[in-house]
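Spelled out from the first residue to the last, the chains are:
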Amino acid sequence: RHQYSRPPYFNQVFAVLEPAYQGVCSSLADFNVAIIQILAGYLGVTPAFSRSSELKVDTTSDDRLIELTKRVGGSVYLSGAGGQNYQDPAKFEAHEIRLDVRVYEPVCYPSPELFQPGLSLLDALFYLGPKARDLLVYPETAG
């Protein structure tokens, strides 16, 4: 509240978030899931959520990612750029799963302070409200 009380969407966004902060979660993971679901709803994003711990996959590394993707009925595994350091595209291809690597490039938005790229979705929400959804752009990488 102290840091973000001035941006135009603070009251609106904080009203949406406040119940999660007042609720009781049994773990940090539960709290994170609650916040992600709340923010997704606020932005009009309606993904299906699954916890890997509930999918009972006992493999590791690429094999785990492939099995998790299969368990949720997926045919594409979306990875960040860091995955290129350890993921084997041939393994995914062998299981008919497309490995889609994306790199997020922070998009500037108006704020009275010096823009800090990649700071926080909350920062963008407080300044842009629902229009922050327009910042969620992950161009497909070549290759």
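The structure contained in this document is the topic of the report that follows.

How each quantity is defined
- Residues numbered from 1 in each chain as written.
- Predicted model: local features only at pLDDT ≥ 70, side-chain atom pairs only at ≥ 80, totals over all residues.
- Heavy atoms only, no water.
- Patch = residues over 30% accessible without salt bridge, like charges linked within 9 Å, V, L, I, M, F, W, Y side chains within 5 Å.
- Areas by Shrake-Rupley, 256 points an atom, 1.4 Å probe, with all protein chains shown as cover.
- Salt bridge = Lys/Arg side-chain N within 4 Å of Asp/Glu carboxyl O.
- Helix = DSSP H or I, 4+ residues; strand = E, 2+ residues; numbered from the N terminus.
- Phe/Tyr/Trp six-rings, centres within 6.5 Å; stacked < 30°, edge-to-face > 60°.
- Buried < 20%, exposed > 50% of the residue type's maximum accessible area, 1.4 Å probe, protein only.

What follows deals with a nonpolar patch on the surface. There is a patch of nonpolar side chains on the surface, built from Tyr104, Leu121, Leu136 and Tyr138 and spanning about 340 Å² of accessible area. By the element assignment, Leu121 lies in helix α5 (residues 121-128).

This part covers the packing of aromatic side chains. Taken as a whole and judged by the stated rule, the model has five aromatic pairs. Aromatic pair Tyr4 and Phe126: ring centres 4.8 Å apart, planes at 45 degrees, arrangement tilted. Of this pair, Tyr4 sits in the segment before α1 (10-22) while Phe126 sits in helix α5, placing them 122 residues apart in sequence. The pair Tyr4 / Phe126 is uniform in exposure class, with both members buried. Relative to Phe31, the ring of Tyr21 has its centre 5.3 Å away and its plane inclined at 65 degrees; by these criteria the two rings are edge-to-face. Taken together, the residues Tyr21 in helix α1 and Phe31 in helix α2 (residues 28-42) connect sequence positions ten residues apart. A residue is classified by how much of its surface remains accessible, and Tyr21, at 48% relative accessible area, is partly exposed. Taken together, Tyr4, Phe10, Phe14 and Phe126 form an aromatic cluster joined through their ring pairs.

The phi angle at Lys56 is positive, at roughly 55 degrees, despite the residue not being glycine. With respect to the helices, strands and loops of the structure, Lys56 is situated in the loop between α2 and α3 (61-71). In the Ramachandran plot, Glu96 falls in the positive-phi region, its phi being about 55 degrees despite a non-glycine side chain. Its location among the elements puts Glu96 in the loop between α4 (89-94) and β2 (98-102). Of the residues examined, Glu96 reaches a relative accessible area of 72% and is grouped as exposed.

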